[in-house]
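The residues making up each chain are set out below.
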Amino acid sequence: MPTPLLEIKDLHVSVEGTEILHGLSLSVNAGEVHAIMGPNGSGKSTLTKVLAGHEAYQVTSGSARYKGKDLLALEPEIRAREGLFLAFQYPLEIPGVSNTYFLRAALNAHRKHRGQPEMDAAKFLEVLKEKAKQVDVDPALLNRPINEGFSGGEKKRNEILQMLMLEPTLGLLDETDSGLDIDALKIVAHGVNSLRSKERGFVVVTHYQRLLDYIVPDYVHVLFQGRIVKSGKKELALELEKKGYGWIEEELAAANPGSVKV
Amino acid sequence: MPDKDLQALTEQEYKYGFVSDIEMESIPAGVNEDIVKLISRKKGEPEFMLEWRLRALRHWRTMREPTWQKPHYPAIDYQSIIYYSAPKPKKELSSLDEIDPELRATFEKLGISLDEQKRIAGVTGGLDSATAASPAPGVTPRVAIDAVFDSVSVKTTFQETLKEQGIIFCSMSEAIRNHPELVQKYLGSVVPFTDNYFATLNCAVFSDGSFCYIPKGVRCPMELSTYFRINTAGTGQFERTLIIADEGAYVSYLEGCTAPQRDENQLHAAVVELVALDNATIKYSTVQNWYPGDKEGKGGIYNFVTKRGIAHKNARISWTQVETGSAITWKYPSCVLKGDNSVGEFYSVAMTRDYQMADTGTKMIHLGKNTKSTIVSKGISAGKGDQSYRGLVKITKAASGARNFSQCDSLLLGDKCGAHTFPYIESQNKSAVVEHEASTSKISDDQIFFLRQRGLSEEDAVNLIVNGFCKQVLSELPMEFAVEAQKLLGLKLEGAVG
Amino acid sequence: MVATETTTDVLLAAFENSKASAGPTWLHVLRAQALDAYREAGLPNIRQEEWRYTPLTSITRQTWRVAPPDAGATLRLIDIARLLPVGMEAPRLVFVNGRFSTRLSTQGRLAAGLHYLSLRDALESKGPSAKVVQAHLARHAEIESEAFTALNTAFFEDGAFIHLERGHDLSQPIQVLHLNVASEAALSQPRSLVLLDEGSRAKLIEIHAGIGNAPRLQNSVCEIVVGERANLSHLLLQHEDDAAVQINMHRARVDKGGAYASRVFSLGAALTRNNAHCVLNGEGAEATLGGLFLGRGTQHLDNHVYLEHAKPLGTSRQLYRGVLDEKSRGVFSGKVVVRPGAQKTDAQQQNNNLLLSDDAQIDTKPQLEIYADDVKCSHGATSGKLNEEALFFLRSRGLAEREARSLLTYAFCAELIEAVKPETLRDALAKLVQARFE
């Protein structure tokens, strides 16, 4: 068996002293798309944030290996340069810092890390415009400060644009579908699908099955109270959509919690 | 924010702290009528100037040093300051225009070329000539420089070129000798000799400075600039700048400054007066990089400056300042909006770190109808730095239709610094609209995390955010100076792309 | 200034002859210290930064005396009723010229845990209240930096004492009426204490009003302590007339998790100076301070706010609005101070002013003084006139210009009024304010 792209084992994570993830395990191989579903507060965002290295999230035990290496030992920017990308649920505004400048600085940091020369300004702009078109981002927005005055949909598409530019090996999408209308959803999904390949993996966190009509996952996991309590193929998502999360809770209650397969 | 980023931002060494070994001629320390007479005589001034100086001195003796400002400092002994210090002329120099090679070398080292053939590398002393970006093809931006060394102007470049259009750009001493009518008419017309403690002292003892007159309808073809350098120990620098833009004229002016690293505090008490006649525009930019003192707060310049402009009908005065140096910065570049439809602007970035203190802001005095003013102030406080924005917007009864907008933001880096905002708004006119907004915040951890998630180092992330915070002000500076200012702020160069 | 010297002497004499001089020793010591402090400082003047916009000539140009004991003896309940916005139903303590009037007050059936009486009665009581007074009186308001507080401390006769014990929740608002009645220039100096113990909740309505044509100077001080997780909603309605000068000091301390909401409606008086001084003294404390000041004639209305975040996680909101007509003058000075270590402070301050006439004037000075880095602080101030576009819109819909102006002016004030509870009080205030713009 090849080394999984991402392998999480029995991960326990706390925020301000409260444990949110209680022993989560997950394995993602290159070429696969995993969807993580679950009710609000189940720990979905915590998972993506801790993988990206946010300081507020403390790993108390367990491990996460990325491309065979200890992911948790790396600084956030090194994780990024190694190809881990997080599309944020709530993209931030950064006043005065232009999208274009920031993205070029980010791209060149990645290239330098890989021992590649910096991309010159002309070439960069050419690529950027092309990718912007792909996710329907107005070129005028590119020179504006990051997300300042962007609509909710524009912010989300801007996240995907950054992903297209940085071409990550592992993409973590944190509720990228929330607040999007169906057209925007299609654009976002198309952007993600265009990056799907044998070398890349994705973890798509979502509340709704809707997104998975467009980004079809290989596996679906249900995250509940800080653990993955059920895993299946894409059909699981449809079942969840139909029946909600209640039945899982009942199933859990019925079973001996200790025997829940994770 | 991680401590090491703060350190990177706050622990930059001061690069211009060297002392030049130049033979100086100084007068005895202290201020009295004899000293004032001596300065006036050394400058070969006409009688009216001496009279004016003496009146100022007499008035100064009746005044008390103000204490209302936030930064406090040990008492200054005004009798121990040397009020005049100038490089000794060397006999072997063949013409009046020739400069002591040591002086030339000093300014070269600061990135200031006194040679008209060479483009200046940096008005703020920010760049080595070798690393200066070459100008865009086809454009040769030129800057005329008045170089002031301690108490005197040593060289003013491009005087001849400017003269072709009737522009007078010279040292204040030269102006007093060659254009007494203009000096007598305008000197003290904006900042009278009774104005305030430091300005009054300046009136009595000022030794030099820059003078500029742009005739009617002329758009000054190049940036004008003064570079101030304090060199000698124990001196104070008291220079005086007067800029007159006649009807319909335009000028963009920049001042820069540095000083050697010393354990003692040195006083810099300058006065700048701007007169914008009907339809004229004056853009005045400052990149202030006086020696700030060491990490323990020892030494550094006290930068106590009075700057004020008067705008006549339809005129515009725009102050832009980037204040990164000095142990204490205490100044309020102001606009008296006298003429109808006149416009005043104030754009400021102030950064205080280590033990630096700044109390700065502006006054916008609306006298004319439909006058407009804009204030944008960005303060960055790091280390144990402490700074205050203090401003006054006054709408007088006659100023119908006046409009002001003020935005004052502070960014705090570290939990030992302070940031304060003290705006005064006085409105006596119901048709006037005044709006003031201010905010104080720290760099958000989430913003830093986002940028790091995209692959930027922590230090770059901080720089990028600080840069973005200041952008609105930096964009008001002439392009090449904006680059300098960003460097000074310890920022990465933004705007090279897109 | 000669006049004030005289005033001090007159007051001293009046005080020595009055019942107030009979009191516990600790109070005598306090009064003596306060008198020294006042003599040291004298009345403030416009050369002092905190008074630069508020000259006190209306105080210094005459000699003030304490009102004779029989002033207000002829007042009837009906005179009181029209001054109370929520009417006679709610319990009330009535003070005439700073002296408690048993006849005009009704303490109602006291709710459990509530001590609601005059300060003098509390001092003289055999119960625990005397001790409580001693523990708090003049322990919060400073005499060194505030000359008027010093003057009050030296000479006050009486005021309200409100103490709500731990965990009690008052369903009904309680009222305090300070009524100034004079036939010749008279000074009254009410002194109150409002103490809410841990977890208690109360609504306090304070009314300042006056009757008579003679000049009346009221210099009131009220010390407030909002205990841990306690909640005080405090409303002050000042509808004095042109003969009055009002100097008020509200000095509040809010402990951990406590919340203090204060709204000051200044409608009358020739000169008003409201000082609100609030210290958030425990983690997670909250303050909501607000005020509406309406000026006409030659009224001078000054609101001075000092809000200090001394501990982390505090929240404060300030909203002050002024409407200035004719030759009136408004002043707002608000300072937010965030002390070192008061991290996660969230402070907002806003002052908006409307000038309705060519002769009206506003001086505003919102200030932030911040010594902690992990904070969110902002302030804003505006001055302007009625929105011409909105005016035009309303007229195009058929409203008369006068009506449209009145509507928009009221709308400018509405945010402060609408937040008032209970509804009866809100409606009464709305009526008072609306009447000003008709």
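The residue count restarts for each chain, going from 1 along the sequence in the order it is written. Written order determines the labels here, with chains lettered from A and ligands numbered from 1. Only residues with pLDDT of at least 70 get local features here, since the model is predicted, and only at 80 or more are side-chain atom pairs given and counted; chain-wide, interface and lining totals rely on the full set of residues. Computation of side-chain values: all heavy atoms of the structure, hydrogens and water removed.

## Points about the sheet that holds strand β4 (residues 57-66) of chain A
Residue and element names in this part refer to chain A.
Move 1: The rule for pairing is simple: two strands pair if DSSP sees at least two bridges between them. Per the convention used, a helix needs a DSSP run of H or I reaching at least four residues, while a strand needs a run of E reaching at least two, with both numbered from the N terminus. Strand order across the open sheet formed by 4 strands is β2-β1-β4-β5, with antiparallel pairing between neighbours. Of all the strands in the sheet, the pair left with one neighbour each is β2 (18-28) and β5 (69-70).
Move 2: Pairing geometry for strand β1 (residues 6-15) and β4, over 8 bridges, is antiparallel. For Glu 7, the partnering residue across the bridge sits in β4 and is Arg 65.
Move 3: Residues are treated as being in contact if the distance between any of their heavy atoms lies within 4.5 Å. As a rule, the C-alpha atoms of each element are fitted with a line to give its axis, helices using only the stretch in contact, and angles between N-to-C directions run from 0 to 180 degrees. Contacts from helix α1 (residues 44-52) reach β1, β2 and β4, with the element oriented near 105° to β1.

## Description of the sheet that holds strand β12 (residues 227-232) of chain A
All names here are of chain A.
Move 1: Across the sheet, 6 strands lie side by side as β6-β9-β10-β3-β11-β12; this open sheet has mixed pairing. Of all strands in the sheet, those bounded by a partner on one side alone are β6 (84-87) and β12. For this sheet, the mean angle separating the axes of adjacent strands, direction not counted, is 20°.
Move 2: Inspection of the sheet shows strand β9 (residues 170-174) paired to strand β10 (residues 201-206) by 5 bridges, in the parallel sense. In the sheet register, Leu 172 faces β10, and the bridge partner there is Val 203.
Move 3: Lying over the sheet, helix α8 (residues 235-243) contacts β3 (33-37), β11 (219-224) and β12, oriented at roughly 45° with respect to β11.
Move 4: Of the strands in this sheet, β11 and β12 touch helix α9 (residues 246-254), which is tilted by about 110° from β12.

## A few points about the nonpolar core
Move 1: In terms of nonpolar packing, the biggest core is built from 108 residues, with A:Ile8, A:Leu51, A:Phe102, B:Ile380 and B:Leu451 touching the most fellow members.
Move 2: Setting aside its immediate chain neighbours within four residues, A:Leu51 contacts A:Leu6, A:Ile8, A:Ala64, A:Leu71, A:Arg79, A:Leu84 and A:Leu172.
Move 3: Among the buried residues, those of types Ala, Val, Leu, Ile, Met, Phe, Trp, Tyr and Cys that are joined through side-chain atoms within 4.5 Å form a nonpolar core. Remark: exposure states derive from per-residue accessible area (1.4 Å probe, protein chains only) relative to the maximum for the residue type, with buried under 20%, exposed over 50%, and partly exposed in between. By size, the runner-up hydrophobic cluster in this structure holds 56 residues, among which are B:Ile39, B:Val183, B:Ala204 and B:Val275.

## A closer look at the packing of aromatic side chains
Residue and element names in this part refer to chain B.
Move 1: Ring geometry is summarised as follows: Phe, Tyr and Trp rings, the Trp one being its six-membered ring, pair when their centres sit within 6.5 Å, and such pairs are stacked at plane angles under 30 degrees, edge-to-face over 60 and tilted between the two. A full pass over the atoms with the stated rule returns 22 aromatic pairs over all chains.
Move 2: For the ring pair Tyr 73 and Phe 304, a centre distance of 5.2 Å and an interplane angle of 45° mean the geometry is tilted. Of this pair, Tyr 73 sits in the loop between α3 (47-61) and β2 (85-87) while Phe 304 sits in strand β13 (residues 300-311), and the two are 231 residues apart along the sequence.
Move 3: Its relative accessible area of 2% is what places Phe 304 among the buried residues.
Move 4: Relative to Trp 330, the ring of Phe 198 has its centre 5.6 Å away and its plane inclined at 70°; by these criteria the two rings are edge-to-face. Taken together, the positions of Phe 198 in helix α8 (residues 197-205) and Trp 330 in strand β15 (residues 328-331) put the pair 132 residues apart, joining distant regions of the chain.
Move 5: Judged by relative accessible area, Phe 198 falls into the buried class, the value being 5%.
Move 6: Residue Trp 330 is classed as buried on the basis of its relative accessible area of 6%.

These figures come from the coordinates and say nothing about function on their own.
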